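Chain and residue survey
So the chains spell out like this:
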Amino acid sequence: MKLVFLDALTLGDMDLSEFEKFGDVKIYQTTSKIQTIQRVKNTDIVLTNKVVIDKEVMDNSDIKMVQILATGMNNVDLEYAKEKGIVVRNVAGYSTNSVAQLTFSMVLNILNKISYFDNYSKTKYPNSDIFTHIVDFNELNGKTWGIIGLGTIGKSVAKIATAFGCKIVYYSTSGKNDNNEYQRVSLEEVLKSDIISIHSPLNENTNNLLNKENLDLIKKGAILINMGRGGIVNEKDLSEVIDEKGFFAGFDVFTAEPIKKDNPLLKIKNILLTPHIAWASVEARETLVNLALKNIKEFINGKNSE
C-alpha cells in the first residue's frame, strides 16, 4: 500500500511512524490545489485534513481510500467517491475534552479579567500602596449558560458549567434534539443568557444564525463564545454591535481560515481570538491519529479478506 499525508502540518509534531506498518508513507506538510493531483496520482490511501479531494482529483488518481483527519467531511466529494467505490472515513469524538477546555479558558479569562490583571501586576502593582487592586469581576455561580448545539461537546460544556453552579438552557439547531436534563428554549431566549457558547456544525440551519436581527438581544456584560464554525455568526454584524452593547466574545473559528487581514473581528476591543486550536490538545491529536490508524487497519483487513 502507498499512503500520502497531504497536510501533516495541521497535526503539529505528532509521530506518524506507526503508519509505515501499512506500506510506503509519503508526508507533505502542506499541499496546494495545483499540487494535489500529482501527489495522490499513484497513491492507495490519502490522508487529508483540509486539502480538497474532488471529482477531478479522483478521476486522475488510483485512490482507494480517503482518511479525513477531522470530523467534518466537506472537503471530499462524498457522492462521487461512492460512485467510484472509494472508501471515505473521518474521525469523531476525539476533541470533546479539548474544545470544552478552551471554551472555559476563554470564559474564565474574560470573566476574571485575567489579561488585565496580568498586565497590571507586571506594570503597576510594584508601585501600589496596598496589597490588592480592586476591579470588579464576577463568578460563574448562579449565571445562566445558553448553549447553541447540544451535541457531545455541548453536553460536556453543560456538565462542567453545571459544576460551576450555572443554570443550563440550550437551543436545538436541528429542532429535533430533546434532552431531559437541560431546558430547551428558543434561540432568542438563549441569546438572553449570561454566557452563550456555540458548539454546532455549519449547515443550512446554522449559516448566519446570529446576525444584526438577533445580536441586539445579547445583554451588556454577557459573553459570546464560538467554538462551532465560522459563518454561524455574521462577523460584520457582530463587529458593529459588540462594543456599543458592551458584551464580550471569544472566537476560535472564522468564516475564512486563516483569518483575513480585513476581518472586522480584528478591530473589536472586547474579543479574544485563537487560531482554530480548540480541537488540538496533545491528547486530542493523539486520539485522532489512533482513530485514523484503526480505520486504515480495518480498511486493509477488509480488502485482504475479499
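Residues numbered from 1 in each chain as written. Predicted model: local features only at pLDDT ≥ 70, side-chain atom pairs only at ≥ 80, totals over all residues. Heavy atoms only, no water.

On to helix α6 (residues 152-163). The terminal C-alpha atoms of α6 lie 17 Å apart, and with 12 residues this matches the ideal 16 Å at 1.5 Å per residue to within 8%. Every buried residue of α6 is accounted for by G154, S156, V157, A158 and A161. Considering only its buried residues, α6 is in contact with α4 (96-111), β6 (144-148), β7 (167-171) and β9 (195-198). Two residues or fewer past α6, G165 is found with a positive phi of approximately 95°. (Helix = DSSP H or I, 4+ residues; strand = E, 2+ residues; numbered from the N terminus. Expected span 1.5 Å × (residues − 1). Buried < 20%, exposed > 50% of the residue type's maximum accessible area, 1.4 Å probe, protein only. Contact = heavy atoms within 4.5 Å.)

For the rest of this paragraph, the subject is the layout of surface pockets. Its volume calculated, the largest pocket comes out at about 1,600 Å³. Lining the largest pocket are 46 residues, with K50, G228, R229, V253 and H276 positioned closest to its centre. Of all the secondary structure elements, the ones that give two or more residues to the lining of the largest pocket are α4 and α6. In the lining of the largest pocket, the residues fall into 19 nonpolar, 23 polar and four charged. In this structure, the second largest pocket occupies an estimated 280 Å³ of space. Along the walls of the second largest pocket sit N109, I110, K113, I114, S115, Y116, F248, K269, N270, I271 and L272, which together make up its complete lining. (1 Å grid on protein atoms, 1.4 Å probe; cavity = no way out; pocket = protein on both sides within 12 Å on 5 of 7 lines; lining within 4 Å. Points joined across faces, edges and corners; volume = space filled by probe spheres on them. Nonpolar A, V, L, I, M, F, W, Y, C, P; charged D, E, K, R; others polar.)

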